[in-house]
Structure formats: C-alpha cells, structure tokens
Amino acid sequence: MTRRTPEGEPDARRPPEPVRTNYAGAVYGSMLAASVVAGAGIGSPFPRIELVVLLLATGVVFWAAHVYAHVVGESMVHRALTRAEISRVCAAERPILGAAVPPAAAVAISPLLGLGFAGTAWLALGVAVAEQVGWASAVLVRAGVPLHRVVAAGVVNLLLGLVIVVVKAVLQH
C-alpha cells in the first residue's frame, strides 16, 4: 500500500533505512576508550570509579556529538527531519557508546582479579585495543574480504592501538 500525504498525493519520502552495525563507530569508540585509559591517572581517592565514569561519559559525549553532526547534516539535505530519522541516527551511532562498555567493565571487575590501579588501567587498555582490532576485522570478514586483507586491517589497527600503549607507557602516572 502506498503511503499518502494529507492531500491524497503519494508520499515521496523514502522509507527509513534499516539500522546497520556501524563498524566505523565501534572502531572509533574503541580507539577513544583506549586513549581515555592512556590519559587517565590516579587523580582521586576512587580512581576505578573515576575511570569507569570517564570512559562511559566520554562515550556518551562523543556519541551525542556524532548524532548531532549527522542530524545537522541530514537537516541540510532534507527539509524536515522526523523523529524516526533522528532515532535511526541515534541507533546507528550506538556502537560508539557500546565500545566504552567492555573497558569500563574490565575496570569494574579488576578488584576481583586482585589488580591495583596500574594493572587495572593496563587491563582496560588491552580490552579496548583488542576490541578495536576485533571490530576492524569483523567488518571485513562480514563483507567477504579475502583473509590477507582482514589480517592487514587487524595489523594496522593493532599498530594504532600500540601507539596508544606507547603513549600510556610514556605518560605512566
């Protein structure tokens, strides 16, 4: 059945696009989480809580910034932006938020592993880098890319993660 405008004309608006996994957002969010961990120090009496909050808050802020940028961009293309379109953009950018959760969870469970704050930070950084490599590889596997390209992308993302690791080592708090 064709959708109609109030005037009875066929509705020329495109149906909303399905939400797909935003692998770029997941890789970006993982790199963001790794850089947050690399720059975090023992600045409070509760450094683990501070790091969990910092990871999650940074994820939320960058998610909101990406949603805003896309919504503004979409509003320049379309005359009226619907709630459905804004919801679609929010959902599409959700992997940026999700990428902060595994490193934050690693920080939260680190006392159960008997880790001090330095060990906690290294664990969270390792989780973020592994997540970054995993997401970058997953997109290529899902696209059916040859194995050598998947491995190359994994290596490139691992090297990017190692740059963050080196920064963490140099900035050791």
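Below you will find a few notes about this structure. Because the structure is a prediction, the values reported are computed rather than measured.

Quick notes on the rules
- Residues numbered from 1 in each chain as written.
- Predicted model: local features only at pLDDT ≥ 70, side-chain atom pairs only at ≥ 80, totals over all residues.
- Heavy atoms only, no water.
- Salt bridge = Lys/Arg side-chain N within 4 Å of Asp/Glu carboxyl O.
- Helix = DSSP H or I, 4+ residues; strand = E, 2+ residues; numbered from the N terminus.
- Buried < 20%, exposed > 50% of the residue type's maximum accessible area, 1.4 Å probe, protein only.
- Arc of directions from axis to C-beta.
- Contact = heavy atoms within 4.5 Å.
- Axes fitted to C-alpha atoms, helices over the stretch in contact; angles between N-to-C directions.
- Parallel < 35°, antiparallel > 145°, perpendicular 65-115°, else oblique.
- Left-handed = near helix turned anticlockwise from the far one by under 90°.

1. A few points about the pattern of salt bridges
Where charged atoms from two side chains of opposite charge come close, those side chains can pair.
Consideration 1: If you walk through the whole model with that rule in mind, you get 1 salt bridge.
Consideration 2: Here Glu85 and Arg88 are joined by a salt bridge, their closest N and O atoms 2.7 Å apart. Placement of both Glu85 and Arg88 in helix α3 (residues 83–92) is noted, with a separation of 3 residues, approximately one turn of the helix. By the burial criterion, Glu85 is buried, and Arg88 matches it.

2. Considerations on α3
Consideration 1: Taken together, the buried positions of α3 are occupied by Glu85, Arg88, Val89, Ala91 and Ala92. The buried residues of α3 occupy an angular sector of 165° when projected down its axis, which confines them to one face.
Consideration 2: Tucked into the core, α3 has its buried residues touching α2 (47–77) and α4 (94–98).

3. Here we look at the packing of helix α1 (residues 23–39) against helix α6 (residues 117–142)
Consideration 1: Between α1 and α6, the least distance of the axes is 8 Å, while the angle of their chain directions is 165°. The angle between the axes of α1 and α6 places the two elements in the roughly antiparallel class. When you trace α1 past α6, the crossing you get is left-handed. Residue-level inspection shows Tyr23, Ala26, Val27, Ser30, Met31, Ala33, Ala34 and Val37 of α1 in contact with α6, the latter providing Ala121, Ala124, Leu125, Ala128, Val129, Glu131, Gln132, Trp135, Ala136, Ala138, Val139 and Arg142.

Shape is all these values report; function is a separate question.
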